[in-house]
Amino acid sequence: MEEDRMDELLDSLYPEITLETDDLIMTISVKKDYSQIEDIDKRKEEFINDLNEFIKEFSETPESREFVAFLD
């Protein structure tokens, strides 16, 4: 019950986007306020840059190796 309330709180605080390919489904909660960037193309570029940086950082963590090992 407490976990449900926490999930609801997080949902209300951060917008989410779900990305899906043939191989992956990833749900991302966006914490950064991109609305400060008025130009939509620049906003998109900033979001994509942040997403790429996030993936790069994750790929260098022990958790990424543990996650892939979990798939054995």
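Throughout this document, residue positions are counted from 1 along each chain, in the order its sequence is written. The model is predicted, so local features are restricted to residues of pLDDT at least 70 and side-chain atom pairs to those at 80 or more, both for listing and for counting; the totals for chains, interfaces and linings are taken over all residues. Side-chain numbers here rest on the full set of heavy atoms in the structure, without hydrogens or water.

Draft legend 1. Structural detail: a negative patch on the surface. Patch membership needs two things, relative accessible area over 30% and no salt bridge, and members are linked within 9 Å if like-charged or within 5 Å if nonpolar (Val, Leu, Ile, Met, Phe, Trp, Tyr). Working definition of accessibility: Shrake-Rupley area with a 1.4 Å probe, residue cover restricted to the visible protein chains. By definition, a salt bridge exists where a carboxyl oxygen of Asp or Glu is found within 4 Å of a side-chain nitrogen of Lys or Arg. We score Asp and Glu as negative and Lys and Arg as positive, and we do not count His or the chain ends. The atom standing in for a charge is NZ when the residue is Lys, CZ when it is Arg, CG when it is Asp and CD when it is Glu. A grouping of Glu38, Asp39, Asp41 and Glu45 is seen on the molecular surface, where their side chains present a negatively charged patch. Mapped onto the secondary structure, Glu45 falls in helix 2 (residues 40–59). Secondary structure elements follow DSSP: runs of H or I no shorter than four residues count as helices, runs of E no shorter than two count as strands, and numbering proceeds from the N terminus.

Draft legend 2. Here's a closer look at the packing of aromatic side chains. The aromatic pairing rule takes the rings of Phe, Tyr and Trp, using the six-membered ring of Trp, and pairs them if the centres are within 6.5 Å, calling planes under 30 degrees apart stacked, those over 60 edge-to-face and the rest tilted. Taken as a whole and assessed by the stated rule, the structure comprises 1 aromatic pair. With a centroid separation of 5.6 Å and an interplanar angle of 80°, the aromatic rings of Tyr34 and Phe47 are classed as edge-to-face. Within this pair, whereas Tyr34 is found in the loop between strand 2 (25–29) and helix 2, its partner Phe47 is found in helix 2, the two being separated by 13 residues in sequence. Judged by relative accessible area, which is 12%, Tyr34 ranks as buried. Each residue is placed in one exposure class: buried if its accessible area under a 1.4 Å probe, protein chains only, is under 20% of its type's maximum, exposed if it is over 50%, and partly exposed if it falls in between.

Draft legend 3. A look at the pairing of strand 2. Strand pairing follows a simple DSSP-based rule, namely that at least 2 bridges must link the two strands. By the bridge criterion, 5 bridges tie strand 1 (residues 16–20) to strand 2 in an arrangement that is antiparallel. Within the sheet, the bridge partner assigned to Glu16 lies in strand 2 and is Ser29. As consecutive antiparallel partners, strand 1 and strand 2 are separated by 4 residues.

Draft legend 4. The arrangement of the pattern of salt bridges in detail. One pass over the full model with this rule turns up 3 salt bridges. In this structure, Glu46 engages Lys32 in a salt bridge whose closest nitrogen and oxygen atoms are separated by 2.5 Å. On the criterion of sequence distance, the pair formed by Glu46 in helix 2 and Lys32 in the loop between strand 2 and helix 2 is long-range, its members being 14 residues apart. Judged by its relative accessible area of 28%, Glu46 is partly exposed.

Draft legend 5. Region of the structure containing helix 2. Spanning 20 residues, helix 2 covers 28 Å between terminal C-alpha atoms, matching the ideal 28 Å at 1.5 Å per step. Any pair of N or O atoms that falls within 3.5 Å is considered a polar contact. Within protein, one atom must be able to donate a hydrogen and the other to accept it, and sequence-neighbouring residues count only if both atoms are side-chain atoms. Measuring from the backbone nitrogen of Asp41 back to the side-chain oxygen at the start of helix 2 gives 3.0 Å, which picks out Asp39 as the cap. Each residue after the first adds 1.5 Å to the expected span of a helix.

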